[in-house]
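Chain by chain, the residues run as shown.
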Amino acid sequence: MITELHHNTLAYPVLTLTTFLPIIGTAALMFIKRDESARIYSLILTLVVFIISLPLYFNFQPGLQGFQFVEQHAWIPAYGLSYLMGVDGISLPMILLTTFLGPICVLCSWRYISNRTKEFLACILLTQGIMAGVFAALDLVLFYIFWEAMLVPMFLIIAIWGGPRRIYAGVKFVLYTLAGSIFLLAAIVAIFSHTGTFSYPDIFLKGLPEAWETYLFIAFFIAFAVKVPMVPVHTWLPAAHVEAPTAGSVILASVLLKMGTYGMLRFNLTLTPAASVSLAPFVLVVSAAAIVYGGMLSLAQNDIKKLIAYSSVAHMGFVSLGIFTFNLNGLQGGMLQMINHGLTTGGLFLMAGMLYERTHSRELSTNSGLGRFMPGFAFFLGLFSLSSLAFPGTASFVGEFLCISGAFRNNLWLGAWMIPGALLAAAYMFRMFLRVIWGKCEHEPVKDIDLREWTCLLPLAVLVIIFGFYPSPILKLMNPALETLVGHINSHVPQASQMATRLAAALLN
Amino acid sequence: MLSLLPETTLAAAALFFFFKNLELFKLESKKAVLLFGLAAASASVIGLFFHGEFFNGAYRVDNFSRFFTLLISFAYMIACIIFTRLKECDQSRVDEFFFFTSMAALGLVMAVGSVELMSMFIALEVSSYPMYIITTFRKGLGRQFEASVKYIIFGAVSTALMLYGISYIYGLSGSTFLVDIASTLPPKLGNPMAALGVLLFMGGLGYKLAAFPFHFWAPDVYSGAASEVTTFIAALPKITATALLIRIAHLFTGIEIVPLTISVLAVLSMTAGNLMALGQTGLKRLLAYSAVSHAGFILVGLIALGNGGAQAAMFYASVYALMSLAAFMVAVEASGRDPVDIPIERLKGLWRKSPVMAVMLTIALASLAGLPPTAGFAGKLFLLISAWKAGFEWVVIAGVINTFIGIYYYLKVIKTCLVSDGRENGFAPAPFYLKAASVVMAATMILLGIFPNTLLDMAGSAFRALVM
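Residues numbered from 1 in each chain as written. Chains lettered and ligands numbered in written order. Predicted model: local features only at pLDDT ≥ 70, side-chain atom pairs only at ≥ 80, totals over all residues. Heavy atoms only, no water.

## Details of the overall build of chain B
A count of helical and extended segments in chain B gives 19 helices and two strands. Taken against the 2.2 N^0.38 rule, which gives 23 Å for 468 residues, the C-alpha radius of gyration of chain B at 21 Å falls within 12% of a compact globule. With the principal axes as the frame, chain B shows a C-alpha extent of 65 × 55 × 40 Å. Counting the 468 residues in chain B, one finds 66% classified as buried. Taking all contacts inside chain B whose residues are at least 6 apart in sequence as the whole, residues at least 24 apart take part in 82%. Here chain B has roughly 15,400 Å² of accessible surface; of this, 70% comes from carbon and sulfur atoms. Seen as two clouds, the 31 positive and the 24 negative side-chain charges of chain B have centres 7 Å apart. (Helix = DSSP H or I, 4+ residues; strand = E, 2+ residues; numbered from the N terminus. Rg over C-alpha atoms; globule rule 2.2 N^0.38 Å. Buried < 20%, exposed > 50% of the residue type's maximum accessible area, 1.4 Å probe, protein only. Contact = heavy atoms within 4.5 Å. Areas by Shrake-Rupley, 256 points an atom, 1.4 Å probe, with all protein chains shown as cover. Lys, Arg positive; Asp, Glu negative; His and termini not counted. Charge placed at Lys NZ, Arg CZ, Asp CG, Glu CD.)

## Regarding the sheet that holds strand 2 (residues 67-76) of chain A
Consider a sheet: its strands pair through backbone hydrogen bonds, and that pairing is either parallel or antiparallel. Residue and element names in this part refer to chain A. Sheet architecture is open: three strands sit in the order 1-2-3, paired in mixed fashion. What marks the edges here is a single partner per strand, and that holds for strand 1 (5-7) and strand 3 (81-87). Averaged over all pairs of adjacent strands, the angle between their axes in this sheet comes to 50°, without regard to strand direction. Bridging between strand 1 and strand 2 involves two bridges; their strand directions are parallel. Each residue of the ladder has a partner; that of L5, found in strand 2, is F67. (Pairing = 2+ DSSP bridges. Axes fitted to C-alpha atoms, helices over the stretch in contact; angles between N-to-C directions.)

## What to know about the confidence of the model for chain A
Of the residues in chain A, 100% reach a pLDDT of 70 or more, and the chain-wide mean stands at 89. No element of chain A has a lower mean pLDDT than helix 20 (residues 493-508) of chain A, at 81, and none a higher one than helix 4 (residues 117-136) of chain A, at 93. (pLDDT = per-residue confidence, 0-100.)

## Observations concerning the nonpolar core
Residues F324(A), F377(A), F68(B), I246(B), F252(B) and L347(B) are the most contacted members of the largest nonpolar core, which totals 393 residues. Sorting elements by how many residues they give to this core places helix 13 (residues 309-334) of chain B first, with 21 residues. Those residues within four positions of I246(B) in sequence are excluded, and the remaining contacts are F64(B), F68(B), L302(B), L305(B), A310(B), A313(B), M314(B), F463(B) and L466(B). (Core = buried A, V, L, I, M, F, W, Y, C linked by side-chain atoms within 4.5 Å.)

## What to know about the interface of chain A and chain B
Put simply, an interface is often sized by how much accessible area is lost when its parts join up. Taken together, the 30 residues of chain A in the interface contact 31 residues of chain B. Here chain A is connected to chain B by zero salt bridges. Here the side of chain A that touches chain B takes 13 residues from helix 7 (residues 166-195) of chain A, the largest share from any one element. Classifying every residue of the side of chain A that touches chain B gives 27 nonpolar, one polar and two charged. (Salt bridge = Lys/Arg side-chain N within 4 Å of Asp/Glu carboxyl O. Nonpolar A, V, L, I, M, F, W, Y, C, P; charged D, E, K, R; others polar.)

## Digging into the environment of Y262(A)
Residue and element names in this part refer to chain A. Within the element layout of this structure, Y262 appears in helix 11 (residues 246-271). For the pair formed by Y262 and S109, sequence separation is 153 residues and the distance between their alpha carbons is 27 Å. When neighbours within four sequence positions are excluded, Y262 is seen to be in contact with I90, S91, V134, F135, F143 and M338.

## Brief notes about the pattern of salt bridges
Opposite charge on two side chains makes pairing possible when the charged atoms of those side chains draw close. All names here are of chain A. With the rule as written, the count across this model stands at 21 salt bridges over all chains. A salt bridge links R266 to D88; its shortest N-O distance comes to 2.7 Å. Pair noted here: R266 is in helix 11 and D88 is in the loop between strand 3 and helix 3 (91-108), with a separation of 178 residues, a long-range link. Judged on exposure class, the residue R266 and its partner D88 are both buried.

## Comments concerning the environment of L200(B)
Residues and elements named next belong to chain B. Along the chain, L200 turns up in helix 8 (residues 192-209). Overall, the relative accessible area of 15% leaves L200 in the buried class. With residues up to four places along the chain from it excluded, the contact list for L200 reads L161, M162, Y164, G165 and Y168.

## Here we look at the packing of helix 11 (residues 257-278) of chain B against helix 17 (residues 393-418) of chain B
All names here are of chain B. Closest axis-to-axis distance for the helix 11/helix 17 pair is 9 Å, and the angle between their directions is 20°. With respect to helix 17, the axis of helix 11 lies roughly parallel. Once helix 11 is placed against helix 17, the crossing between them reads as left-handed. Along the contact surface, helix 11 presents S263, V264, V267, M270, T271, N274, L275, A277 and L278, while helix 17 presents W394, V395, A398, G399, N402, I405, G406, Y408, Y409 and K412. In terms of residue class, the contact of helix 11 with helix 17 is made up of twelve nonpolar, six polar and one charged. (Parallel < 35°, antiparallel > 145°, perpendicular 65-115°, else oblique. Left-handed = near helix turned anticlockwise from the far one by under 90°.)

Here it is, written out as structure tokens:
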């Protein structure tokens, strides 16, 4: 059963520490006087958190159904709230991705942020802890708290340390996210009034009334779609990405967007399976549109960060499309693509930030031809660009291939529609790569990437290559969970077709 | 006599400042007010353990009244801490100011303990008159007199409504004692007079709470009065109003039209307050309209009294008082140079001048906006859950939509105080005790959001005392 809880057997509460160590560690920043010590402290703290989270991977037993490393405590009994944390094959890779990117986010801001450094590091640490919490929380209110607690630190990261239009971008980010998540709150309250509990496994066991499923699905879906972001609510993303400082863009692209697709996997597909199946065509169409639309927008950009931002829209379209094909290939592809996009796009944003530190411009024209001065940079940019366009041998190839094959299994036309999307990716990525590395150079010489920047990029690059040739470590983690999910959804297909008939009748009347 | 300790302490404070005014004491007023604030808070904690009945059963000290006494006394203490920074208030009338605020706090505490309609009414008036007067205690010629007149006129009208309501209730039940009303009224609940009486009575309290449509005084009084005065008016009367609303609504739970009317008013209050707050450029006016919208949220608790709504409303009222005091603590620091309202722009660069205050204001505003993990979120969640349980789904939907509208203007202030740079807006450096108080308040707002159990349990036992 999906709802089995296997309690934490490690010597320490691993999920609590992963989540709350960075959050509590923020307090110590108040007492550190020098910026440099604050940076070192944050780096050490994020590294410690990463090391603490590693046993999650090594001690995880993929064969076990349900959630592992569970921690359960009563919290607000009067309202049925409990502190329930746990991971399964779906959330585990996301938590590891979060903790893995923590030290990189601190490292890449080492020189970039020189103004209000301590506050910046505090925001980074806060977001890191909160994001881990989002993936670990199994109580709906706990999940919602983490989900929303994200807003203020992320807003500050964009609005204080961002580019010229940072306040506009920050406010847009908050308003879009909140507009989506108020529906989530209403849905959570509704679920509680029916089941009397906020605990995800209990809600799953008790089931929800069929008449509510469609509404609940829509409420959940709106909240998650804004975060993904799906067309047409994607417009906050380019604004936020372009204005955010490097670390902010990396957090946004690599982890924050995945909170949306994770939410769909965790809540939409399991709690409202019939509605998911009956409404899937809409989601598939929107995702397919995002792939092509995002790709075409990306092709037209001259701002490197904007280009990567729109490519994210397209890539996340692959993820949501893979998820809503409801077959194992699609779901595997979607999950892999979430991780690969985190690594690849995170790397690309890091490199955009490095360019900006050197030339103080994100324009393709200003940065053109810089490859001749920066061979190391050229290597990494080449690798991440290839991975971004899903070149065989890089991580994204596996994910995108599985997504496309899942789409073909679902529907021939759907699969065919994705091919131009994949082609577009090659076009916009090569366009950027060629301009930056071999374009006409009018810029004075710049320095190649230094040791710190190598340290940032190398772990990402290594993982991109490893997962490109050998994705089975992740697949092994998530396969059982995904197989259960596919089974769960398939068992609701008959119910879904009735629901779709009713829905169509209601719409036509 | 220990059971009347909180009341005695506040009365002693009032007397002290009355005689201080006659220059009988040498103690510095600002030190004295801090001392009395601490004394009142400690007295209310001691008072938690003693119960009793006084004045022929017109005044009852039980869990319910002591819960609210505790809230009022702590709010009074925080207000006293803020009072030590008098900036806009007329310095020559410091003692009068402290006298009237202690008097008003005493009236508010007495109103909470009264279980007889007339003593309730008189206690409320005891609290109202000092507030009408202190509204004018502002340096220079601003809008304080206009504000005070508005306050008095709206106050008089709502007092009349309340008395009219009491006359109906008395006419139906033949008594002004709540105990008697509770025993004689139930068979007559179907009588439209009962609904009219209770709604009129609640109208009078809605004025104290600044709920729609009794909110028109709020923006003018908030911005016209000195910031210290607004601090007091914005927080303390709301606690008492919530207490009395729960007391009265609980007596009339059998009438269907009452929760329905309150739910409509609650939604209108939230929406009207939020929409009008959107365009404000003055900090105090913005907080006034935000108060209107929060009054709506407190009213939500009343429509679901039996479904945990009472506890939720009590929790929310306490949290709201705290958030409001926190916001006004910063407002007082920022005030002193404006003819009427404090422009929000004044907060520019607050993070540079006083990072502690900037962070506390941010947490207070996030809490007002209902963002987790603050206490404001927990309170809203409890209110919405109880409203849904009571079958008011549409109120929940309206509530979440209003949460969304609210974030925009709170974010505007957060942006100004934490992001915008402004070197020229010199804030006087805050003294240590004020910084310490802001750290404690900020921590409380977060901790109450994460661990609301203690306060919720207290509210629960307070409500049970009422039911029994």
